[in-house]
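# Observations on the three-dimensional arrangement
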Amino acid sequence: SSRRCLLSSPQVHLGGGIWVEEEKWHQLQRTQGDSKFTKNLAVMIWGTETLKNRSVTGVATKKKKDALPKPPLSPSKLKIVRGKSLGFKLIKYKS
């Protein structure tokens with residue numbers, strides 16, 4: 001059986017099966033500064049709670065002596081963030 005996805009608003013495909021609302025993507029495009037753009041894109045993809053409890057590599061930070069490693073972020077989603085942060089443009093839209 002096939003699933004039908006009902007979308008409440010037009011969507012933009014970031015790649016790797018990741019879709020975000022078109023309006024949110026356009027707001028993100030107006031973000032000033034690369035680091036703020038990257039942070040906002042990461043929050044859009046993973047959400048704040050996931051980002052608080054994960055790390056990019058999964059390796060414990062060396063800044064804290066007793067730090068435990070956190071699970072790594074999804075490599076496929078991380079690839080999308082890195083690509084978009086380098087300025088690759090999107091071309092796939094769904095309404």
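Preceding this paragraph is the structure being described.
Residues numbered from 1 in each chain as written. Predicted model: local features only at pLDDT ≥ 70, side-chain atom pairs only at ≥ 80, totals over all residues. Heavy atoms only, no water.

## What about the pairing of strand β1 (residues 11-15)?
Quick note on the threshold: Only protein chains enter the accessibility calculation, which uses a 1.4 Å probe; a residue is then buried when its area is under 20% of its type maximum, exposed when over 50%, and partly exposed in between. Where helices and strands are cited, they refer to DSSP runs of H or I of at least four residues and of E of at least two residues respectively, numbered from the N terminus. The criterion for strand pairing is that DSSP finds at least two bridges linking the strands in question.
Most of β1 is tucked away, with five of its five residues classed as buried. One ladder, built from four bridges, connects β1 with strand β2 (residues 18-21); its direction is antiparallel. The residue of β2 that forms the bridge with Q11 is E21.

## Observations regarding helix α2 (residues 34-46)
Helical geometry note: an α-helix holds 3.6 residues per turn, so side chains three or four residues apart project in the same direction. Operational definition: Expected span of a helix: the number of residues minus one, times 1.5 Å. Comment: arc refers to directions from the helix axis out to C-beta atoms. Contacts are residue-level and defined by heavy atoms, with any inter-residue pair within 4.5 Å sufficient.
An ideal rise of 1.5 Å per residue puts 18 Å on 13 residues; α2 measures up with 18 Å between its terminal C-alpha atoms. Among the residues making up α2, those that are buried are F37, L41, A42, I45 and W46. For α2, the angular spread of buried residues about the axis comes to 140 degrees, placing them on one side. Looking at the packing, one finds that the buried side of α2 touches β1, β2, α1 (22-29), α3 (48-52) and α4 (75-85). One or two positions beyond α2, positive phi appears at G47, with a value near 90 degrees.

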